[in-house]
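Architecture at a glance
Each chain, letter by letter, is given below.
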Amino acid sequence: MSHWNTLLQTALVGTARQPVPAADGMAGDFGALLQALQQPTDTAQGVLLRVAGAVAVGRRAGFVAPGLPADDAPPAANDTSPALGDPALLAVIADALAAGPQRLQHEVLAVLATAGWRLPPSLLPAALDAGRRDTALRPAVVLALGERGRWLAARNDDWRYAVGASAQADTQTRWDEGSIDQRRAVLAEQRRDDPAGARERLAAELPQLPAKERAVLLGALAENLGPDDETLLEAQLKDRARDVRQTVVELLQRLPASAHVRRVEAFLAPLLSSQGATWQLNAPEAADPRWKDDAIDAARPTHDSLGERAWWLYQLVRQMPLAWWTARTGLTPAALLDWAAQGDWHDALLRGWNEAVLAAPDFDWCDALLDRPRAHRGGVGPLLALLPRERRERHWATQLGDAGQGVQDVVAFADQACAPGDTPSAALSLRIAQALRMRVERGDLVNDYVLRQVLGTAAALLHLDALPLLADLPRAAEESPGLANALADTARIVRARRLVATLPSSSSSSLSTSSQGRP
Amino acid sequence: MSLSTEAVLALAPDDASAKAAKGLLAPAKWPTLAHSDDAVWGECQGSGSKPYQTQVDLSGPVFRCSCPSRKFPCKHGLALMLLRAQSEASFTAAAPPPWVADWLASRREKAEKKEARAAEPAAAPDPAAAAKRDAQRWKRIEAGVQELARWLDDQTQRGLAALGSEQAEGWAAMAARMVDAQAPGLGQRITQAAELIGAGEGWPARLLDRLGRLQLIVDAVSRRDSLSPATRADLRAALGWPQDREALLADGERVNDHWLVLGQCLDERDTKLVERHVWLQGRVSGRRALLLDYSHGGRGFETGWVSGSERAAVLCFYPGHASQRAVVAELPAEAASTAAPVAANDEAGEWQRMAQQIAANPWQPLLPLVWADAVPARHGDQWWLRLGAASQALPMQLAAAEAWQLLAHSGGAPLRVFGEWDGEQFAPLTAWAAEGAGTPVWTLSGART
């Protein structure tokens, strides 16, 4: 035992009970010093601490750093793409990562990666944290990380999502070692040229996967879906996990000739009858035990707004391809919606059709649903997202109105409908921006709290061509803090987007960290 | 040299100022932006009709603004320097307008006056009166220290194992007693030791270490007349005996050199008080120096230092053995330049330097260390700094957000790292690429609490 430890033992017990240990074991000058300190003097006061102090100073001077097990992980691989070094752009990106909004974060990351840059080390933790908080941002984060970022992510459990095989790795490595998003991308890619190969790749792995991954990877079969996929999908209808069954049902719905669709049709067809030119719909009278083979729940969730029979009907409607309704009745989607509005089972039908459209997009149904009075607003954004841009914007142009009175709703819906990275067309964006600017100049911001929010959303959402209209909005000498914040936030977002849009491609510029150049 | 975004933000008195400054970066907010060789200035449109006039003397950098903010530097000054860092092209070269030129001239004048004052022989202090004051203070300290010695012996007789939270009051009272006895350094050591009681595994060993070194100070007080003047100066510093600045500038050891700013940090002592450490290393002398400054109520510091830059200065060192604390005696008004990479000893040499430093003065609480090849690492729940190729590592004291930044810059490869060592933990302040230019890749930002 070292002398320090014997001293410590005495100190713990107390010198009243245990004498100060002699420094016998110590040799040399230091030993002599300690022995001199312990020579009996007129008072024994402080001897223990005096010796401990001498040893403490000696230990400090002779400090030996503790050993640490070797780190098996190799250092980060060298990056092929350059790190962005332009200070103004870096400041804008750092700000966007810290203060949002998500759409701006996505834009700066995507622009960066598309132009062939990667994030410099100082921004990696902020970007990885932004992706941790927001799953929708993750694909953009991962693309901007570079080798250094992936290496860093592997060292923090919170950043696991970004770990995966290097983006440059071959398909097999990305499939074997990649993150769930990477594996899904591998499948989707292979589905394009070799749907059967991708299906077999997935089928071989399926039994070993956790439920969440089963659902995600099965979803990749949507790419190039065909009758050959039915067998695999049909087998998954009995999966233990509801998420998986739900994914499978949505895929099978897009195969009108599948056994599943025929079975659902057999349940549904007897409920729909015609008397002359009038169609009558009934809900099931009782649950059918065979339903469970087709992922239809007989038990209504306790808090569902539908009644029990409506709940059963809704599930049948949800799983039936929409084309069946028009073929069976000879009515257009618009006419069917009018017919449903007059019947008893309106809520069940609307909800079922809405979900059927989302599962297997049909533009005519989308348009028809969007043209109806808004039964449930929440569904509008996702429906709009299904439509190609021109068909989508027809609805917005109508809603916006000639005087721009609907601008707040249009911005809110467009925000839902446009995926990150997507914007409304330049023409519509200009109309929206004009309407917003007009209202700001009119002074509406003073009392309209929703408009303040819409302004920031629009700044992040609209086409770049419309941004000059949102720049330099008029400021008043007296502004409430909330108003000043809204305007400052809008200005910040507009400025960031316009600056990032000037980012040149990495191959044609010298903005990398190695050369501290300026534009 | 123009400061980087990070370097400017490091000058902010608090996070709120930094954030506010970032909100002022739109060039539209600045009807005027201009620069000369010595200064940059601009007019910032605030909420009032008259824009604020903001100016920065680049030799400091020293800030001035016509806004009413009590923060220093204010958000306008920070924003001006951020704009300078991020879009130099927005500034036009111009001759300073009167409101800038007058201020620059008055600063030069003041500096010259100060120099002239320094050149004059100081009024001879009355040695008899000074000696009497010293003797009185020693008497008070002696009385307090005798009480402390008995109290310490009491603690060891009863044993450290008996200590718990119920003794906190007694320890606080003893710390206060030391402040009354005009030995605040001892009071601070007792307060710090009291915080160790029951804190974490192995606390008795850490406590014994502190109390043992405290005992050495106690012993030295009664033997003060037999100590050399240098050791007595070290003892006075350990007791917290304030150093008279005028006397120091008159008699202190002066070292004229080009000083590389190794690193700096801000420690929030309490809500109002911020303590700043700036560590320097002389290019020629190789001497390392600590400038210790305090700022009350967010007023900021008179001189800004940029980590990784170098500037000429005359430092005046405190008396004592291997003294590292210093004050700036002369600071020629020339802009700082980017320094060559900091020279670093090999590992053995750095340990040797540290051992000599401790042997010369065992009471210095912080020692500066530079590691040439150090790899930050996370092991268990603790951050480490691996040294060279050996398997040895120092435990690091660093906030998680900062540690991840440092790790991102390293990528598992060695960095050159400067930091403070307190005998138990290494607190990194600056990191350079192992073979890179003089600009650091990472500096500690924000105040430590």
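Rules behind the numbers
- Residues numbered from 1 in each chain as written.
- Chains lettered and ligands numbered in written order.
- Predicted model: local features only at pLDDT ≥ 70, side-chain atom pairs only at ≥ 80, totals over all residues.
- Helix = DSSP H or I, 4+ residues; strand = E, 2+ residues; numbered from the N terminus.
- Buried ≥ 20, exposed ≤ 12 C-beta atoms within 10 Å, placed from the backbone.
- Contact = placed C-beta atoms within 7 Å.
- Rg over C-alpha atoms; globule rule 2.2 N^0.38 Å.
- Domains from an automatic or database assignment.
- Nonpolar A, V, L, I, M, F, W, Y, C, P; charged D, E, K, R; others polar.
- Expected span 1.5 Å × (residues − 1).
- Pairing = 2+ DSSP bridges.
- Axes fitted to C-alpha atoms, helices over the stretch in contact; angles between N-to-C directions.
- Parallel < 35°, antiparallel > 145°, perpendicular 65-115°, else oblique.
- Left-handed = near helix turned anticlockwise from the far one by under 90°.
- Core = buried A, V, L, I, M, F, W, Y, C linked by C-beta atoms within 7 Å.

Within chain B, the secondary structure is distributed over 12 helices and 18 strands. Taken along the three principal axes of its C-alpha coordinates, chain B extends 75 × 60 × 45 Å. The buried share among the 449 residues of chain B stands at 42%. Sequence separation of 24 or more characterises 61% of the internal contacts of chain B that already satisfy a separation of 6 or more.

When its secondary structure is counted, chain A shows 26 helices and two strands. For a compact globule of 519 residues, the expected C-alpha radius of gyration is about 24 Å, and chain A comes in at 34 Å, more than 25% above that figure. On the principal axes, the C-alpha backbone points of chain A span a range of 120 × 65 × 50 Å. Within chain A, residue pairs in contact and separated by at least 24 positions form 68% of the contacts whose partners lie at least 6 positions apart.

Residues and elements named next belong to chain A. Under the domain assignment used here, chain A contains domain 1 (3-40 + 47-57), domain 2 (87-162), domain 3 (171-252), domain 4 (253-360) and domain 5 (388-504). With 18 residues of domain 2 at the interface, the matching set in domain 5 holds 12 residues. Per-class residue counts for the side of domain 2 that touches domain 5 are 13 nonpolar, two polar and three charged.

Turning next to helix 5 (residues 127-158) of chain B. Across its 32 residues, helix 5 of chain B extends 46 Å between first and last C-alpha, which sits within 8% of the 46 Å expected from 1.5 Å per residue. Listed as buried for helix 5 of chain B are B:Ile141, B:Gly144, B:Val145, B:Leu148, B:Ala149, B:Leu152, B:Gln155 and B:Thr156. Those residues of helix 5 of chain B hidden inside the fold are in contact with helix 1 (3-13) and helix 3 (47-61) of chain A together with helix 6 (168-180), helix 7 (184-196), helix 8 (203-222) and helix 9 (229-239) of chain B. In the segment just after helix 5 of chain B, B:Gly159 is the residue with positive phi, at about 95°.

A word on the environment of B:Gln392. Along the chain, B:Gln392 turns up in the loop between strand 13 (382-387) and strand 14 (393-395). When the C-alpha atoms of B:Gln392 and B:Ala434 are compared, they prove to be 18 Å apart, with 42 residues separating the residues in sequence.

Our focus in this paragraph is the environment of A:Gly421. Residues and elements named next belong to chain A. The topology assignment puts Gly421 in the loop between helix 22 (407-417) and helix 23 (426-441). Exposure remark for Gly421: the 14 C-beta atoms within 10 Å place this residue in the partly exposed category. Along the backbone, Gly421 and Glu107 are 314 residues apart, and their C-alpha atoms lie at a distance of 6.1 Å. Leave out the neighbours within four places in its chain, and Gly421 touches His106, Glu107 and Ala110.

Here we take up the pairing of strand 3 (residues 52-57) of chain B. Within a regular strand, side chains alternate between the sheet's two faces. All names here are of chain B. Among the six residues of strand 3, five are classified as buried, and the element is accordingly described as predominantly covered. Direction of pairing for strand 2 (residues 39-44) relative to strand 3: antiparallel, over a ladder of six bridges. Within strand 3, the residue paired with Val40 across the bridge is Val56. Sheet topology places strand 3 next to strand 4 (residues 62-65); four bridges connect them, and they run antiparallel. Across the sheet, Gln55 pairs through a bridge with Arg64, a residue of strand 4. Following strand 3, the chain reverses through four residues before pairing antiparallel with strand 4.

Residues and elements named next belong to chain B. Across the interface, helix 5 lies against helix 6 with an axial gap of 9 Å and an inter-helix angle of 160°. When the interaxial angle is binned, helix 5 and helix 6 end up roughly antiparallel. The hand of the helix 5/helix 6 crossing is left-handed. Residues Gly144, Glu147, Leu148 and Trp151 of helix 5 pack against Met174, Arg177 and Met178 of helix 6. For the contact of helix 5 with helix 6, the per-class residue count stands at four nonpolar, one polar and two charged.

Taken together, the 48 residues of chain A in the interface contact 54 residues of chain B. Among the secondary structure elements, those contributing two or more residues to the side of chain A that touches chain B are helix 1, helix 3, helix 4 (87-99), helix 6 (124-133), helix 7 (138-153) and helix 26 (481-500) of chain A. Grouping the amino acids of the side of chain A that touches chain B by side-chain chemistry returns 30 nonpolar, eight polar and 10 charged.

Here we come to the sheet that holds strand 2 of chain B. Residue and element names in this part refer to chain B. Judged by pairing direction, the sheet is mixed, and its five strands sit side by side in the order 4-3-2-1-5 without closing on themselves. The open sheet has two edge strands, strand 4 and strand 5 (92-93), and neither has a second partner. In the packing of helix 3 (residues 75-86) onto the sheet, contacts are made with strand 1 (32-35), strand 2, strand 3 and strand 4, and the angle to strand 3 comes to roughly 60°.

Further remarks concern the packing of helix 3 of chain A against helix 11 (residues 347-360) of chain B. Taken N-terminus to C-terminus, the directions of helix 3 of chain A and helix 11 of chain B make an angle of 155°; their axes are 8 Å apart at the nearest point. Between helix 3 of chain A and helix 11 of chain B, the angle falls in the class roughly antiparallel. Taken together, the residues of helix 11 of chain B that come into contact with helix 3 of chain A (itself represented by A:Val57, A:Arg60 and A:Ala61) are B:Ala355, B:Ile358 and B:Ala359. Taken together, the residues of the contact of helix 3 of chain A with helix 11 of chain B break down into five nonpolar, no polar and one charged.

What follows deals with the sheet that holds strand 16 (residues 426-433) of chain B. All names here are of chain B. The strand order 14-13-12-15-16-17 describes an open sheet built from six strands, whose pairing is antiparallel. The sheet is open, and its two edges are formed by strand 14 and strand 17 (442-443), each paired on a single side. Relative to the sheet, helix 11 contacts strand 12 (367-379) and strand 13, its axis offset from that of strand 12 by approximately 125°. Helix 12 (residues 400-410) rests against strand 12, strand 13, strand 15 (415-421), strand 16 and strand 17 of the sheet, and its axis sits at about 90° to strand 12.

In this section: helix 22 of chain A. Within the span of helix 22 of chain A, buried status applies to A:Val407, A:Gln408, A:Val410, A:Val411, A:Phe413, A:Ala414 and A:Ala417. Each element contacted by the buried residues of helix 22 of chain A is listed here: helix 20 (380-386), helix 21 (389-400), helix 23 and helix 24 (449-461) of chain A.

Here we take up the domain arrangement of chain B. Domain boundaries in chain B define domain 1 (5-119), domain 2 (133-238), domain 3 (245-338) and domain 4 (347-448). The gap between the C-alpha centroids of domain 2 of chain B and domain 4 of chain B is 30 Å.

In this section: the nonpolar core. Ranked by size, the top nonpolar core spans 251 residues in total, and within it A:Ala127, A:Val141, A:Ile432 and A:Ala458 carry the most contacts. Element by element, the count of residues in this core is highest for helix 8 of chain B, at 10 residues. Among all residues touching A:Ala127, those that are not within four sequence positions of it are A:Leu97, A:Leu109, A:Leu119, A:Val141 and A:Ala144.

All names here are of chain A. Relative to the helices and strands, Phe267 resides in helix 14 (residues 259-268). Residue class for Phe267 comes out buried when judged on the 20 C-beta atoms lying within 10 Å of it. For the pair formed by Phe267 and Asn282, sequence separation is 15 residues and the distance between their alpha carbons is 11 Å. With residues near it in sequence (within four places) discarded, Phe267 still touches Asp288 and Leu316.

Residues and elements named next belong to chain B. A positive phi angle is found at Gln182, which is not glycine, with a value near 60°. On the secondary structure map, Gln182 appears in the loop between helix 6 and helix 7. According to the C-beta neighbour criterion, Gln182 is partly exposed, with 19 such atoms within 10 Å. Phi at Ala322 is positive, roughly 45°, even though this residue is not glycine. Turning to its location among the elements, Ala322 is positioned in the loop between strand 9 (309-317) and strand 10 (326-330).

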